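Residue-level structural notes
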Amino acid sequence: MTDRFDCYYCRDNLHGKKYVKKDEKHVCTKCFNKLCANTCAECKRPIGADSKELHHKNRHWHEDCFRCAKCYKPLASEAFNARDDGKIMCGKCGSREDGNRCQGCYKVVMPGSQNVEYKNKVWHEECFTCFECKQPIRSQSFLTKGEDIYCAPCHDKKFAKKCFHCKQPITTGGISYQDQPWHSECFVCHTCHKTLAGARFTSHENNVYCVDCFKTDVAKKCHGCKNPITGFGHGTNVVNYEGFSWHEYCFNCKKCSLSLANKRFVINGDHIHCPDCAKKV
């Protein structure tokens, strides 16, 4: 006589029949489906003894129900993403859902794709564009104004100071003269075109001159010593009278050499005299 081999629940003899072992108990398929089967997390139906079951973190699925919640791709033999909200997603959809958003188009920046990171924000490479010309910046240098990003040429064109001479943007260096900005290479002598940056110069009728050209081409000649009156150094003060000019130190009495600056004097031909000497001439 053979030992009985019965279903734990209904006591039907299991010899020669299909059964399931559940928690060390032998259960016929009918009782298993009715009393022991796990419920599929997707379709909410029992996962019967004849179905292939998948499980993850105390949740269960029919094999056919274990699909990406976004694109419905079967995931039984694929890598997947389990989200906090309970959704199961394929790797691609999970990256799109959880990945960084491009600051340009607000779409997800996929891992491994060409992108630009700046101040903890990310852009697709083609979305990282100049605010002015709208062209992708890629590997070029760029500058910012507020929240806007500019390629270097557009930033210079829009915000850089313009040279007083050539009207082009001053991108580096430059000098200031009479509250006007200049390129160093544009700030040159009006006559010889030698650069005046860091050199002594003077101006005349809105033009600038190096010292040598000013002496030669522009400066008045002293009626006394016949040398240029440059306004530099010892010759700073000038005396003008009836179309003639003198260095202050040259404006002296011809006879006694008394300085006549800010004093009474007498003109006698090409010479000047103090009133006393004029009486003796």
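To keep things clear, this report deals only with the structure shown in the data block. (Residues numbered from 1 in each chain as written. Predicted model: local features only at pLDDT ≥ 70, side-chain atom pairs only at ≥ 80, totals over all residues. Heavy atoms only, no water.)

A look at the packing of aromatic side chains
In this structure the tally under the stated criterion is 19 aromatic pairs. Judged by centre distance (5.8 Å) and plane angle (70 degrees), the rings of Phe131 and Tyr150 are edge-to-face. With Phe131 in the loop between β8 (121-124) and β9 (142-145) and Tyr150 in strand β10 (residues 148-151), this pair connects stretches of sequence that are 19 residues apart. Accessibility expressed as a relative area gives 40% for Phe131, which makes it partly exposed. Here the aromatic rings of Tyr177 and Phe187 are separated by 5.5 Å at their centres, their planes lie at 55 degrees, and the arrangement is tilted. Residue Tyr177 is found in strand β11 (residues 175-177), and its partner Phe187 is found in the loop between β12 (180-182) and β13 (201-204); the two are separated by 10 residues along the sequence. The pair formed by Tyr177 and Phe187 is uniform in burial state, with each residue classed as buried. Among the aromatic side chains, those forming a connected cluster through ring pairs are Phe164, Tyr177, Trp182, Phe187 and Phe201. (Phe/Tyr/Trp six-rings, centres within 6.5 Å; stacked < 30°, edge-to-face > 60°. Helix = DSSP H or I, 4+ residues; strand = E, 2+ residues; numbered from the N terminus. Buried < 20%, exposed > 50% of the residue type's maximum accessible area, 1.4 Å probe, protein only.)

Details of the nonpolar core
Note that soluble globular proteins tend to have their nonpolar side chains buried in a common cluster. Counting 14 residues, the largest nonpolar core has Phe187, Cys189 and Leu196 as its most contacted members. Only β14 (207-210) and α4 (211-218) provide two or more residues apiece to this core. Ranked by residues supplied to this core, first place goes to β14 with three residues. (Core = buried A, V, L, I, M, F, W, Y, C linked by side-chain atoms within 4.5 Å.)

Brief notes about the pattern of salt bridges
A full pass over the atoms with the stated rule returns seven salt bridges. With a closest N to O distance of 3.6 Å, Glu24 and Lys21 form a salt bridge. The same class applies to Glu24 and to Lys21, which are both exposed. For Glu132, the salt bridge identified is with Lys158, shortest N-O distance 3.8 Å. Here the residue Glu132 occupies a position in the loop between β8 and β9, and Lys158 occupies one in helix α3 (residues 152-159), the gap between them amounting to 26 residues. By relative accessible area, Glu132 is classed as partly exposed at 40%. (Salt bridge = Lys/Arg side-chain N within 4 Å of Asp/Glu carboxyl O.)

As for α3
Every buried residue of α3 is listed here: Ala152, Cys154, His155 and Asp156. Residues of α3 that are buried sit in contact with β9 and β10. (Contact = heavy atoms within 4.5 Å.)

Digging into the side chain of His62
Locating His62 in the fold gives a position in strand β4 (residues 59-62). A polar contact is formed between the side chain of His62 and the backbone oxygen of Pro46, at a distance of 3.0 Å. Those residues within four positions of His62 in sequence are excluded, and the remaining contacts are Cys40, Cys43, Arg45, Pro46, Ile47, Ser51 and Lys52. (Polar contact = N/O pair within 3.5 Å; in protein donor to acceptor, adjacent residues only side chain to side chain.)

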